[in-house]
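Read off the chains here:
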Number of protein chains: 2
Amino acid sequence: MSNYSTLVEHFSRLHHLQHFEAILSWDAATMMPNQSHQARADAMATLSLLMHESLNSPLLAECFLTLDETALTDNEKSSVREMRRVWQEASCLPADLVKQQSLAAAKCEHGWREQRAKNNWAGFSENLKEVVRLARQEADYRAKATGLGRYDALLDKFEPGMTSKKLDAIFSDLKTWLPQLIQQVIVSQNKQSIKTPLGPFLESAQKSVGEQIMTMLGFDFERGRLDVSAHPFCGGVPEDVRLTTRYSEEDFTQSLMGVVHETGHAKYEQGLPESLRHLPVGKARSTAIHESQSLFMEMQIGRSSEFLESIHRILIAELGDQDALSLDNLQKLYRQVEPSFIRVDADEVTYPAHVMLRYEIEKDLIEAKIEVDDIPFLWQEKMKAYLGVDTEGNFTNGCMQDIHWSIGAFGYFPTYTLGAMYAAQFMATMKKALPNINERIAKGDLTDIQAWLSQHIWEKGCLDTTDDLVFNATGETLNTSYFKEHLFKRYMPTDI
Amino acid sequence: MSNYSTLVEHFSRLHHLQHFEAILSWDAATMMPNQSHQARADAMATLSLLMHESLNSPLLAECFLTLDETALTDNEKSSVREMRRVWQEASCLPADLVKQQSLAAAKCEHGWREQRAKNNWAGFSENLKEVVRLARQEADYRAKATGLGRYDALLDKFEPGMTSKKLDAIFSDLKTWLPQLIQQVIVSQNKQSIKTPLGPFLESAQKSVGEQIMTMLGFDFERGRLDVSAHPFCGGVPEDVRLTTRYSEEDFTQSLMGVVHETGHAKYEQGLPESLRHLPVGKARSTAIHESQSLFMEMQIGRSSEFLESIHRILIAELGDQDALSLDNLQKLYRQVEPSFIRVDADEVTYPAHVMLRYEIEKDLIEAKIEVDDIPFLWQEKMKAYLGVDTEGNFTNGCMQDIHWSIGAFGYFPTYTLGAMYAAQFMATMKKALPNINERIAKGDLTDIQAWLSQHIWEKGCLDTTDDLVFNATGETLNTSYFKEHLFKRYMPTDI
């Protein structure tokens, strides 16, 4: 067997272990009874160990070292590039550090759940210091292995090819116009009156709305499901995509748009190249590209007047008619801009400010320019500057609101805003390619839109680097001006 | 690390692989979308391979060969006995045979689904011949490894310690009185009139009935669930037991008693010794003992007048009142004896006849005394003799009705009837130990009954052999007279 075939076989097996992890994690979040947690955790630890062993086997290292790439096709070369990336990411850290990180993360996250509720920064920061100490070590190892800077080496796990140099430029630009835009939109929206829909809206009716919209968006229910979990996500595997949402009978709007968002993720997964899904090269390109697909569906399509028009009939039929469900009011509901404490509840205009401040803090933290004790003051200052919100002394809804840092996921936050930017860029390109796109959306016909996404994004998997993927799709690499245009056009149309 | 500790570690890991298999199999039967089948099958093949590799590792063989058992406690010795059994069962077959069997079984079962519907014995028998050919080879290997006879070596997988000599004696005795009893009961029941409950009975109402009864039977919903599948089963792991049923809105009786049956399996799993569950010695004793627990709950408890009395209130409340739901009529419904074609629909009186004929045929088949082509005639003859039913030319509801042979599961059928016999023996013992047992059942209070089962069966896992387990619980090894007494007492009370 050639070394390449051996690699393919090895990574196919890893793919099956990932299948187990994906379905069992979904099960844990949706189906598993309360008290079954410990037995599952023990079993999952064995699964992690199996994956670790698989990626750290001497056979695999030998394969990569002796592989002759000259005889390979271009696709095979891409495949090797991605396999090598997965392998290096897993093998460049000493096993002992991985274990220490896993323990520190479990401790910090576990403590966080109670400490956050109690606004207990002192307790949380003690645990976080250990997580940060180990993340800095991880960054050192990864920097050495990749030749990247320390923060960039962590960022690279989620967003290969992205650097803090590029991000600094992006966020510097953002800072020149976003805080002002936010204030302008607030003033302009002050004049409008919005009606709050009056519930209760039965869970079964909301589920039916969600399923009809998913079907309209081309979700394949023969290869996927919609269920309920405390924190909505898109899980499972490409052949069996498992979406979740959560329902509040008082407010249908969040679940509805949440389903649209997760369906964006799902369509990407269901559209990945069928013949390559068992290999790293056949998986989603990056965290930001994944988010670009969910935000394309939610922000570019879902909150457009045309889309709301197309689903209006479904809403009325399932939830009953009332003034607050008029098309005009729905549009206002889905475009309300309001600076707030919480990132996950933020609208698309204020969201990047939340990301920007986290990026600035976590980058300095990893590069040891600041320490954990500096976080609360920096948070407070930046919230004031970017959003005009005062978080002094409010750790619960301030610097303790996210799970990411507690589990050591540094380098993840920027991908949310990168995703929003890519989504705007894709839509700008598509509008040129598909002139009557708005009419199609208003009719609920997304065939051509999805064909474009399939051809340019979904079917590409990781065959191209992110820059190449975006360039081939849009004629340029990331250009943030489309995002800025999108926000101004939607929220301050009179200014253009 | 001592060899014993190494064995424990090795089998703990295997236990986690079994955890994955259990939950993922449940998922495939209850949750998985239609078209996700192939991806799951591929992943499950890797899981089988991992388990095979784990049990065939040279390290494990080395451990068993060099293990010094003298320093072990009694429980540890039992533990080693069970680990060794699992290991020998897996390692005594050549990998090539295992693979051939897996392929032949998949082909035969797949074909069976369509061939059964079309009464196509000719097509099915071609595939079955290959399955039988390989099963005979398997029997040869297992016989050589265990020193048992060929059929006994297959039986031993499901029912360690049971032999065809013992079974021959059991079924010879059964043949002297069962066919007659069946005819007598039919004549006696001819006089009674039974009302058929008039549906529809909403699925949600039936589910509520099922859950209330499960709760009454002590099922722990914090460590288990009830769902729907085409073929009801009890799956999952002891810490997370997943029951299923299926609902017909025309007839609630089957689902109701099905849930009672599966809850019997579930209580056994939930009651296995907590500190040993990760090892073979902490798992259920055997297929027949497992079935004894479900049949204890269904036949000994569930169809008793006292139990029907205790759940009558729930039935009326959830399904509405009608004449056919009177206690008297319910009892008739649940004790109706009727010879029929189909084993899985059979009542407890005719059921053993179905098992007996399958046992006689499969034993001769494995020992090459008959061939696949002889099955239809033998089936026809035996159905006539034991049940007075004519199956000539009806393969669909005759010798093609079960899945077992198509997948090569020879040696499984007898455990159904052994389970019924053990259940009767346990109840007979319990009636002596707990004098007012019937009053307790009528009140829905199973505390003492379950404490007895827990102490004598559930908590024992595989610490004792089956014979020792039954002897310690009842003062004797299997004594089939209790089963005979039970049937006569319930179905021909005037004859005693």
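Residues numbered from 1 in each chain as written. Chains lettered and ligands numbered in written order. Predicted model: local features only at pLDDT ≥ 70, side-chain atom pairs only at ≥ 80, totals over all residues. Heavy atoms only, no water.

A tally of regular secondary structure across chain A gives 20 helices and three strands. Scaling as 2.2 N^0.38, a compact globule of 496 residues should have a C-alpha radius of gyration of about 23 Å, and chain A matches this with 23 Å. C-alpha atoms of chain A, sized along the principal axes, occupy 65 × 50 × 50 Å. For chain A, the proportion of contacts with a sequence separation of at least 24, taken over those separated by at least 6, is 73%. Of the charged side chains in chain A, 50 are positive and 70 negative, and the gap between their average positions amounts to 2 Å. (Helix = DSSP H or I, 4+ residues; strand = E, 2+ residues; numbered from the N terminus. Rg over C-alpha atoms; globule rule 2.2 N^0.38 Å. Contact = heavy atoms within 4.5 Å. Lys, Arg positive; Asp, Glu negative; His and termini not counted. Charge placed at Lys NZ, Arg CZ, Asp CG, Glu CD.)

Each copy of the sequence occupies a distinct position, and chain A is placed on chain B by a rotation of 180 degrees and an axial shift of 0.1 Å, giving an RMSD of 0.1 Å. Taken together, the turn and the small shift mark the pair as related by a two-fold rotation axis. Most of the interface of chain A is mirrored in chain B, where 100% of its interface residues are also at the interface. (Least-squares fit on C-alpha atoms with pLDDT ≥ 70 in both.)

The next subject is the sheet that holds strand β2 (residues 234-237) of chain B. Strand pairing in a sheet takes place through backbone hydrogen bonds and is either antiparallel or parallel in direction. All names here are of chain B. Judged by pairing direction, the sheet is mixed, and its three strands sit side by side in the order β1-β3-β2 without closing on themselves. A single partner strand is all that each edge strand has here, and the edge strands are β1 (224-228) and β2. Taking each pair of neighbouring strands and ignoring which way they run, the sheet shows an average axis angle of 20 degrees. Across five bridges, the pairing between β1 and strand β3 (residues 240-245) is parallel. Looking at β3, one finds that Arg 225 is bridged to Arg 242. (Pairing = 2+ DSSP bridges. Axes fitted to C-alpha atoms, helices over the stretch in contact; angles between N-to-C directions.)

Listed as interface residues are 33 residues of chain A and, on the opposing side, 33 residues of chain B. Among the residues chain A hides against chain B, the three largest losses belong to Arg 13, Phe 20 and Glu 222 of chain A. Together they make up 20% of the total. There are six salt bridges connecting chain A and chain B. Close ionic contact of Asp 27 of chain B with Arg 242 of chain A constitutes a salt bridge, the shortest N to O distance being 2.8 Å. Taken together, the connections running from chain A to chain B amount to 15 residue pairs in polar contact (both at pLDDT 80 or more). Mapped onto the side of chain A that touches chain B, the elements with two or more residues apiece are α1 (3-30), α2 (37-55), β1 (224-228) and β3 (240-245) of chain A. Of the residues forming the side of chain A that touches chain B, the biggest block, 10 residues, is contributed by α2 of chain A. In terms of residue class, the side of chain A that touches chain B is built from 15 nonpolar, seven polar and 11 charged. (Buried area = accessible area lost by both parts, 1.4 Å probe. Salt bridge = Lys/Arg side-chain N within 4 Å of Asp/Glu carboxyl O. Polar contact = N/O pair within 3.5 Å; in protein donor to acceptor, adjacent residues only side chain to side chain. Nonpolar A, V, L, I, M, F, W, Y, C, P; charged D, E, K, R; others polar.)

Moving on, we get to the domain arrangement of chain A. Residue and element names in this part refer to chain A. As far as domains go, chain A holds domain 1 (1-91) and domain 2 (107-496). Contacts between the two partners involve 21 residues from domain 1 and, on the opposite side, 25 residues from domain 2. Both sides together, the interface formed by domain 1 and domain 2 hides about 1,900 Å², and carbon and sulfur atoms give 62% of it. Looking only at domain 1, the three residues that lose the most surface to domain 2 are His 15, Trp 26 and Glu 89, adding up to 29% of its buried area. If you look at where domain 1 meets domain 2, you find one salt bridge. (Domains from an automatic or database assignment.)

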